[in-house]
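# Survey of secondary and tertiary structure
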Amino acid sequence: MNWLDKLERKMGRYAIPNLTVYLLAGYVIGFAVWLLMPDLLSWLTLEPALILRGQVWRILSWVLIPPTSQPISLLILVLLYYSLGTALERTWGTFRYNVYIFSGLLFTVLAVFILYAVFYFGVGVELPLSSVGLISTNYITMSIFLAFAAIYPEMEVYLYFILPIKMKWMALVYVAMAVYYFITGGIATRVAIGASLLNFVIFFLSSRNMRRFSPKERARKAKFKRQSAPHMQYSNGAKHRCAVCGRTELDDPCLEFRFCSKCNGNYEYCQDHLFTHEHVK
């Protein structure tokens, strides 16, 4: 059991369902603020100097800053990341998805404050407000895309609703663009990109079960595959057959098959006979 499993047992009940909806709704609210009351947007930005002077709401309000000022681009972004985010939440579970999103936001805030401290204590000047003022959650949502591509690399999406392309190739393009903007961009861009990529790397490396990649585990799986292969080749190309009724997955695609651990030998049963058959001794 890794640290996420332990944390979920203690705090899983506090997870927020449909977190993607709230995140994208914040974008819409921020876009409306920018469109109707543009001067108010300067009161929402992530500014360490102003936060330390008492404007503590900025720790959270910067999440409302939209990643784009173009309505068409915002609409495409909302539709895309709603589908990716909800699918990722169903795959991971609500709690793990919450951890992934909130840790990305936390890393961004910490990175900005560390940058402020470096300027203030190292150089002796405050970090210019314009350097970090327009940090948004753009790269946090992009990390959702990166995580989805890591889990479903072969899935195809239609770029601009026309060109089919696999997620793994889009992820490589994203990483290349992120590296380019990290090198050529300003301080705010580097902080946002670095925090989102750091979140992706830490989350996946710390939550993945690495034992399945060990030589011992790989050898065990290979041995099981060699032993079970002769018993899983039936007529017409079927790979599963119930030892009681003789049905295969070709007879009914909805059938599920399991091996019985109490039978002496490789005996496979459908769900109708898995718990009712007489064990072979």
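As the structure is a computational prediction, the values presented were derived from the model and not from experiment. (Residues numbered from 1 in each chain as written. Predicted model: local features only at pLDDT ≥ 70, side-chain atom pairs only at ≥ 80, totals over all residues. Heavy atoms only, no water.)

### Focus on the pattern of salt bridges
Note that side chains of opposite charge can pair when their charged atoms are close. This is how the line gets drawn: We count a salt bridge whenever a side-chain nitrogen from Lys or Arg sits within 4 Å of a carboxyl oxygen from Asp or Glu. Each helix is a run of H or I in the DSSP string that is no shorter than four residues. Each strand is a run of E no shorter than two, and both are numbered from the N terminus. Exposure classes here rest on a 1.4 Å probe applied to the protein chains alone. A residue is buried below 20% of its type maximum, exposed above 50%, and partly exposed in between.
Going through the model one piece at a time under the given rule, you end up with 5 salt bridges. Here Glu8 makes a salt bridge to Arg96, at a shortest N to O gap of 3.9 Å. Of this pair, Glu8 sits in helix H1 (residues 3-11) while Arg96 sits in helix H6 (residues 94-123), and the two are 88 residues apart along the sequence. We classify Arg96 as buried; its relative accessible area is 16%.

### Description of helix H8 (residues 138-151)
Put simply, the rule is: A helix is expected to reach a length of 1.5 Å times the quantity of its residues less one.
Over its 14 residues, H8 runs 21 Å from end to end, which matches the ideal 20 Å to within 8%, given 1.5 Å per residue. For H8, the tally of buried residues reaches 10 of 14 residues, placing the bulk of the element in the interior.

### Some thoughts on unusual backbone geometry
Backbone geometry places Asn18, a non-glycine residue, at a positive phi of 55°. You can see Asn18 is positioned in the loop between H1 and helix H2 (19-36).

### With respect to the nonpolar core
This is how the line gets drawn: Only buried residues count toward a nonpolar core, which is a set of Ala, Val, Leu, Ile, Met, Phe, Trp, Tyr and Cys residues joined through side-chain atoms within 4.5 Å. The contact criterion used throughout is that any non-hydrogen atoms of two residues lie within 4.5 Å.
Grouped together as the largest cluster of nonpolar side chains are 49 residues, with contacts concentrated most on Trp62, Trp92 and Phe145. Counting residues per element, the ones that place at least two in this core are H2, helix H5 (71-92), H6, H8, helix H9 (167-184) and helix H10 (187-207). Per element, the largest residue contribution to this core is 9 residues, and it comes from H6. Once residues within four sequence positions are removed from consideration, Trp62 is found in contact with Leu44, Thr45, Leu46, Leu105, Thr108, Val109, Ile135, Ser136 and Thr137. Membership of the second largest hydrophobic core comes to 8 residues, among which are Cys242, Leu255, Cys263 and Tyr269.

### Looking at the UniProt feature "transmembrane region" (unreviewed entry) in the protein chain
For clarity, the threshold we go by: UniProt positions are given in the numbering used here, feature names are shortened, and annotations may be inferred rather than shown by experiment.
Per the UniProt record, the feature "transmembrane region" (unreviewed entry) sits at residues 21-44, 64-85, 97-123, 129-151, 158-181 and 187-206. Helix makes up 67% of residues 21-44 and strand 0%, whereas the separation of the span's terminal C-alpha atoms amounts to 20 Å. Taken end to end, residues 64-85 is 68% helix and 0% strand, and its two terminal C-alpha atoms sit 17 Å from one another.

### Some words on the environment of Pro17
Residue placement: Pro17 occurs in the loop between H1 and H2. The class for Pro17 is partly exposed, based on a relative accessible area of 46%. As for Pro17 and Gly93, which are separated by 76 residues in sequence, their C-alpha atoms are 9.2 Å apart. In this structure, Pro17 is in contact with Tyr22, Glu89 and Thr94, ignoring residues within four places of it in sequence.

### What to know about the packing of aromatic side chains
Rule in force here: Under the pairing criterion, centres of Phe, Tyr and Trp rings, with the six-membered ring standing for Trp, must be within 6.5 Å; the plane angle then separates stacked pairs below 30 degrees from edge-to-face pairs above 60, leaving the rest tilted.
Overall, the coordinates contain 5 aromatic pairs when judged by the stated rule. Relative to Tyr152, the ring of Phe148 has its centre 5.0 Å away and its plane inclined at 45°; by these criteria the two rings are tilted. Here Tyr152 falls in the partly exposed class, since its relative accessible area comes to 28%. Both rings, one in Tyr180 and one in Tyr181, keep their centres 5.5 Å apart while their planes meet at 65°; by these two values the pair is edge-to-face.

### Here we look at the packing of H5 against H8
Using the following cut-off: To get an axis, fit a line to the C-alpha atoms, keeping to the stretch in contact for a helix; angles then go from 0 to 180 degrees between the N-to-C directions. To sort the angles, those under 35 degrees are grouped as roughly parallel, those over 145 as roughly antiparallel, those from 65 to 115 as roughly perpendicular, and the leftovers as oblique. By convention the crossing between two helices is left-handed if the near helix lies anticlockwise of the far one by an angle smaller than a right angle, and right-handed if it lies clockwise. In this classification, Asp, Glu, Lys and Arg are treated as charged, Ala, Val, Leu, Ile, Met, Phe, Trp, Tyr, Cys and Pro as nonpolar, and every other residue, Gly included, as polar.
At a closest axis distance of 10 Å, the pairing of H5 and H8 adopts a crossing angle of 55°. The orientation of H5 with respect to H8, classified from their angle, is oblique. Seen from above, H5 lies across H8 with left-handed handedness. Every residue of H8 that contacts H5 at Tyr81, Leu84, Gly85, Ala87, Leu88, Thr91 and Trp92 is listed here: Thr141, Met142, Ile144, Phe145, Ala147, Phe148 and Ile151. Among the residues making up the contact of H5 with H8, the classes are represented as 11 nonpolar, 3 polar and no charged.

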